[in-house]
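Observations on the model geometry
Read off the chains here:
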Amino acid sequence: MKDSEWRALYFKKVSESSEEGSEAVEFVQRHRTKIGIRRARKSAGAFWTLNRRFYLNAVHYTKESTLGDNPRAITIFVHEVHHLQQGAITAISIYGELDAWQYEFRLYKKITGGELHPILEELLSLPLNFDRDNLRHARKLMNKFAGKWYGAWILPLYPITKEIKYWLTRKI
């Protein structure tokens, strides 16, 4: 299957899944975001780049698996687009990850109607705020669920501009 054919079918599947999916596809099309499949470390389901592209991880996804009965192939799309909407400064922080994880897994529950792994349920119960203890707990849960190689341990808690301000003033 040609890449362009696959993308059209994948966009249709994501768009028809939910309002969130439809909005994500509209964003990608409006911004001409490049989507593809590339190999990455096992702990990543997908990843975005600073030049506004994102890729599904070939370790977990194929063109065919994204078009089958795979709700994660839909929700990971929405997750990565959410990061692109946040912008790099927010996305490269625990705050940005918590926001994207919650957005993704609320959609997953909505689509499947099922329960999630207890760690993910706990992550969904956390408030999305700038409380450092809350964000440290979110980081711990992300590492516990996705593993050390996911890389959450290296991210600042706040978006870097807020993190620097915090370290200089001890205030948000």
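Since we're looking at a predicted model, the values are computed, not measured. (Residues numbered from 1 in each chain as written. Predicted model: local features only at pLDDT ≥ 70, side-chain atom pairs only at ≥ 80, totals over all residues. Heavy atoms only, no water.)

Turning next to the overall build of the chain. The secondary structure content of the chain amounts to nine helices and three strands. Starting at the N terminus and walking to the C terminus, you meet the elements of the chain as α-α-β-β-β-α-α-α-α-α-α-α. Taking 16 Å as the expected radius of gyration for a compact globule of 172 residues, we find that the chain reaches 16 Å, a close match to that expectation. With respect to the principal axes defined by its C-alpha atoms, the chain has extents near 55 × 35 × 30 Å. (Helix = DSSP H or I, 4+ residues; strand = E, 2+ residues; numbered from the N terminus. Rg over C-alpha atoms; globule rule 2.2 N^0.38 Å.)

For the rest of this paragraph, the subject is the packing of aromatic side chains. Enumeration according to the criterion identifies twelve aromatic pairs in this entry. Ring centres 5.3 Å apart and planes at 15 degrees place the aromatic pair Trp6 and Tyr10 in the stacked group. A residue pair is termed a helical-turn pair when its members lie 3 or 4 positions apart in one helix, as Trp6 and Tyr10 do in helix H1 (residues 3-17) at four residues. For the pair Trp6 and Tyr10, a shared accessibility class is recorded, and that class is buried. Plain terms: the ring middles of Phe11 and Phe77 are 5.9 Å apart, the flat faces sit at 70 degrees to each other, and that makes the pair edge-to-face. Of the two residues, Phe11 sits in helix H1 while Phe77 sits in helix H4 (residues 71-86), which places them 66 residues apart along the sequence. No difference in accessibility class separates Phe11 from Phe77, as the two residues are buried. In this structure an aromatic cluster arises from ring pairing among Trp6, Tyr10, Phe11, Phe54 and Phe77. Sitting above the plane of the Tyr166 ring, Arg132 keeps its charged end 4.0 Å from the centroid. Against the face of Trp149 rests Lys148, its NZ or CZ located 5.3 Å from the ring centre. (Phe/Tyr/Trp six-rings, centres within 6.5 Å; stacked < 30°, edge-to-face > 60°. Buried < 20%, exposed > 50% of the residue type's maximum accessible area, 1.4 Å probe, protein only. Lys NZ or Arg CZ within 6 Å of the ring centre and 35° of its normal.)

Another point: the side chain of Glu104. Summarising the element assignment, Glu104 is placed in helix H6 (residues 94-112). Glu104 gets classed as buried once you look at its relative accessible area, which sits at 2%. Look past the residues within four positions of Glu104 in its chain and what remains in contact with it is Arg72, Thr75, Ile76 and His79. (Contact = heavy atoms within 4.5 Å.)

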